Each structure stands twice: as C-alpha cells, then as structure tokens.
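What follows is the residue order along each chain.
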Amino acid sequence: MDYKHSGVDIEAGYKAVELMKKHVARTARPEMLGGLGGFSGAFSMESFKNMEKPTLVSGTDGVGTKLKLAFLMDKHDTVGIDCVAMCVNDIACAGGEPLFFLDYIALGKNVPEKVASIVSGVAEGCVQSGCALVGGETAEMPGFYPEDEYDVAGFAVGVVDKSKILNMDSQKEGDVLIAMQSSGVHSNGFSLIRNVFTVNEQNLARHFSDLGTTLGDCLLTPTKIYVNAIQQLLAEVQPKSIAHITGGGFYENIPRMLPDNISVSIEKAALPTPGIFKMIQEVGKI
C-alpha cells in the first residue's frame, strides 16, 4: 500500500502545478515577490507606502452549487472567474483596490488538465481585477468528493486609504441610487435554479432564442467583475456607499449600505432585466 493506491496522486499534483504556471504568470504585479510553489505568497507594500493611512480590506467566498453545471457541461474555465469576482467585488464595495488573491481547489481526483483549466479562470479573474495570484492550494480528497467533482473557494486582499473608505452615514435624503448591470445570475441562487429547471445535459444544451444561447452557457456566464467600473465611479462621482448584490438579492444587500434613517425607492420598470431572470420566474412560478 502507498499514497497513490490510497487515491492521492502526488505526481498528478506536480503536473497540475506545471500546467497552471503559464496562467499564474499572466497575473503578475511588480509587488509580487517569489514564484509559484513556495509555502506562502509574498507581496511588497511598496505600492501603497504613499497612502496616509493604508488600510487592508479582504474578502473570501466560493462558487457554490453553480459548480454542478460545470460538472455536467464538463466546462471548467469560467468558474475561477466567478470565485475571484465574488471576493474582489466585495473589496470594491469599500472603495478598495484588490492587490492579491489565493485560491483553494478541493477535488476527488486530481486531473491536472482540469485543475489547470480551473486555474486559468482564476487567473483571468485576477487579470480583470488587476490583482496578483500569489498562491493557492489543490487538495486531492478521495472518498470525500466524488472523482469528477470539486469545490473552489478563494481569498482576496485589497487596500484603501482610510480617509477614502466609503461612509454610508454621509448619505442624505435625495441622494441618487446608481444601478450597474449584471452579466446574469452571477454565482448566487443556483440551489433555487437547479430546482426550477431539470438540470441535466440535455436541458442545458437546449438553445433558447430569448437567451440568444443555450441554457447552460447562459447560466454558466461568469460573474461580472465590477472593480474597474467602480474605480472609475470613485474618480468621477464619489459614491457614498456600494452594495454587492449577492445572496438575498436587493432586499438583503441594499439595506447593508444604508444608515438606519434612509431607505431607497427603485423603479423596476426603468431597469432592463436579462431574459434569464424572466425565464426563471415563468418556469418556476416565482
């Protein structure tokens, strides 16, 4: 008996690291110290030494049951973008700039090409948000996950000058709420969605004219990364607070950016609604 016969292939782990190196290299920032494979990731503080009071902001999240669709479609190069987006969008809500990201991939069997595909998405998310992928962990866990399934989670750290942290207490009656369009369902609500639709390979492959694509490709559309758009907003209109619409939707997330004495009025008819939401409502009788 040895480790490989117990279900953990160390050689596959080495190969996965080699295959992901080219993706990680795309995310490099000047402050990134050392290469892939160390026990920890190092990041210089040089980039924010001129801030008056540099303040670290962080976010951690996963992709959730959206991964079930990736398994069925055997498409693994977008869920890493979701993972990064869910973390860096939270950092952007504080007015912060994402600096670096670490990922965690746990799987039943290490297939190096699949791991590299997942990491390619993580790297793409890091490129889109301007943060460096400084490290991560790939854990092969036979008997815990089925061989063809995995979980993806991540952790991001950003920085903002303390005086520029958004302060919701500065809001007053008459302020304007700005809506930023999503790319679709993002990475929340999939426990509901998988009950609304009969999620199998056949149904996910069906093309819908209202969606302009297949149901599967529409649902697997990566979570939009708002970092650059928010940085532009911060420079142009100086918003007072920002809500990242994740689990709980409008009703749970918008109040999190409001002081107790302020509420908002939203004219839903003025907002374009992506077709997938209308389909979920109709099919699920929601």
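Below is a summary of the structure that appears in this document. (Residues numbered from 1 in each chain as written. Predicted model: local features only at pLDDT ≥ 70, side-chain atom pairs only at ≥ 80, totals over all residues. Heavy atoms only, no water.)

**Focus on the pattern of salt bridges**
Selection criterion: Any carboxyl oxygen of Asp or Glu within 4 Å of a side-chain nitrogen of Lys or Arg constitutes a salt bridge here. Each residue gets one of three labels from its accessible area relative to the maximum for its type: buried under 20%, exposed over 50%, partly exposed in between, using a 1.4 Å probe on protein chains only. A run of DSSP states H or I qualifies as a helix once it reaches four residues; a run of E qualifies as a strand once it reaches two. Both are numbered from the N-terminal end.
In the structure shown here, the tally under the stated rule is 11 salt bridges. In this structure, Arg 29 and Glu 31 form a salt bridge, with 3.0 Å as the shortest nitrogen-oxygen distance. For Arg 29, a relative accessible area of 14% puts it in the buried group. Notably, a salt bridge pairs Lys 66 with Asp 82, separated by 3.0 Å at the nearest N-O pair. Here the residue Lys 66 occupies a position in the loop between strand 3 (54–62) and helix 2 (67–73), and Asp 82 occupies one in helix 3 (residues 79–92), the gap between them amounting to 16 residues. What makes Lys 66 buried here is its relative accessible area of 0%. Several salt bridges share partner residues, and in doing so they unite Arg 29, Glu 31 and Glu 97 into one network.

**Re the environment of Gly 96**
Along the chain, the position of Gly 96 falls in the loop between helix 3 and strand 4 (97–107). A relative accessible area of 0% means that Gly 96 is categorised as buried.

**A short note on unusual backbone geometry**
A positive phi is found at Asp 74, a non-glycine position, where the angle reads about 50°. Taking relative accessible area as the criterion, Asp 74 reaches 57% and is therefore assigned exposed. Although it is not a glycine, Gln 238 adopts a positive phi angle of roughly 50°. Residue position: Gln 238 is located in the loop between helix 8 (227–236) and helix 9 (249–253).

**What about the sheet that holds strand 5 (residues 132–140)?**
Put simply, the rule reads: Whether two strands pair comes down to DSSP finding at least two bridges between them. Axis lines are fitted through C-alpha atoms, for helices just across the contact stretch, and the angle between N-to-C directions can take any value from 0 to 180 degrees.
Pairing within the open sheet is mixed, and its 4 strands lie in the order 3-6-4-5. At either margin of the open sheet sits one strand with a lone partner, and together these are strand 3 and strand 5. With direction set aside, neighbouring strand axes in the sheet form an average angle of 15°. Examined bridge by bridge, strand 4 and strand 5 share 8 bridges and lie parallel to one another. Bridge pairing links Phe 100 to Ala 132 in strand 5.

**Observations regarding the packing of helix 1 (residues 10–25) against helix 4 (residues 112–129)**
To keep things clear, this is the line we draw: Our angle categories are set so that under 35 degrees counts as roughly parallel, over 145 as roughly antiparallel, 65 to 115 as roughly perpendicular, and the remainder as oblique. Crossing handedness is read from the near helix: turned anticlockwise from the far helix by less than a right angle, it gives a left-handed crossing, and turned clockwise, a right-handed one. For this analysis, residues touch if any pair of their heavy atoms sits within 4.5 Å. Under the grouping applied here, Gly and all other residues not named as nonpolar or charged are polar, the nonpolar ones being Ala, Val, Leu, Ile, Met, Phe, Trp, Tyr, Cys and Pro and the charged ones Asp, Glu, Lys and Arg.
At a closest axis distance of 8 Å, the pairing of helix 1 and helix 4 adopts a crossing angle of 30°. Compared by their axis directions, helix 1 and helix 4 come out roughly parallel. Crossing of helix 1 against helix 4: the hand is right-handed. Seen from helix 1, the contacting residues are Ala 12, Lys 15, Ala 16, Leu 19, Met 20, His 23 and Val 24; seen from helix 4, they are Pro 112, Glu 113, Val 115, Ala 116, Val 119, Ser 120 and Ala 123. Split into classes, the residues belonging to the contact of helix 1 with helix 4 amount to 10 nonpolar, 2 polar and 2 charged.

**What about the state of the cysteines?**
Spelled out, the test is: Any pair of cysteine sulfurs within 2.5 Å is marked as a disulfide.
Inspection of the entire model under this criterion finds 0 disulfides. This cysteine, Cys 87, is not joined by any disulfide, and Cys 83 carries the nearest cysteine sulfur, 5.2 Å off.

**A word on a nonpolar patch on the surface**
Let me state the cut-off plainly: Patch membership needs two things, relative accessible area over 30% and no salt bridge, and members are linked within 9 Å if like-charged or within 5 Å if nonpolar (Val, Leu, Ile, Met, Phe, Trp, Tyr). Values of accessible area rely on a 1.4 Å probe in the Shrake-Rupley scheme; residue burial ignores everything except the protein chains shown.
The grouping of Leu 177, Ile 245, Phe 250, Tyr 251, Val 264 and Ile 266 at the surface amounts to a nonpolar patch, some 550 Å² of accessible area in total. Within the element layout of this structure, Tyr 251 appears in helix 9.

**Looking at the nonpolar core**
Formally: For the purposes of this section, nonpolar cores are sets of buried Ala, Val, Leu, Ile, Met, Phe, Trp, Tyr and Cys residues that join through side-chain atoms within 4.5 Å.
Ranked by size, the top nonpolar core spans 55 residues in total, and within it Phe 101, Tyr 150, Leu 215, Leu 219 and Ile 276 carry the most contacts. Among the elements that line this core, the one with the most residues is helix 3, at 9 residues. Excluding its chain neighbours within four sequence positions, the residues that come into contact with Leu 219 are Lys 66, Leu 69, Val 185, Phe 190, Ile 193, Leu 204 and Ile 276. Judged by nonpolar contacts, the second largest core, of 9 residues, contains Met 32, Leu 99, Ala 132 and Val 134.

**Details of the pairing of strand 6 (residues 150–161)**
Counting buried positions along strand 6 gives 9 out of 12 residues, so the element sits mostly inside the fold. In terms of strand pairing, strand 3 meets strand 6 through 9 bridges, oriented antiparallel. Counted as the bridge partner of Ser 58 is Val 157 from strand 6.

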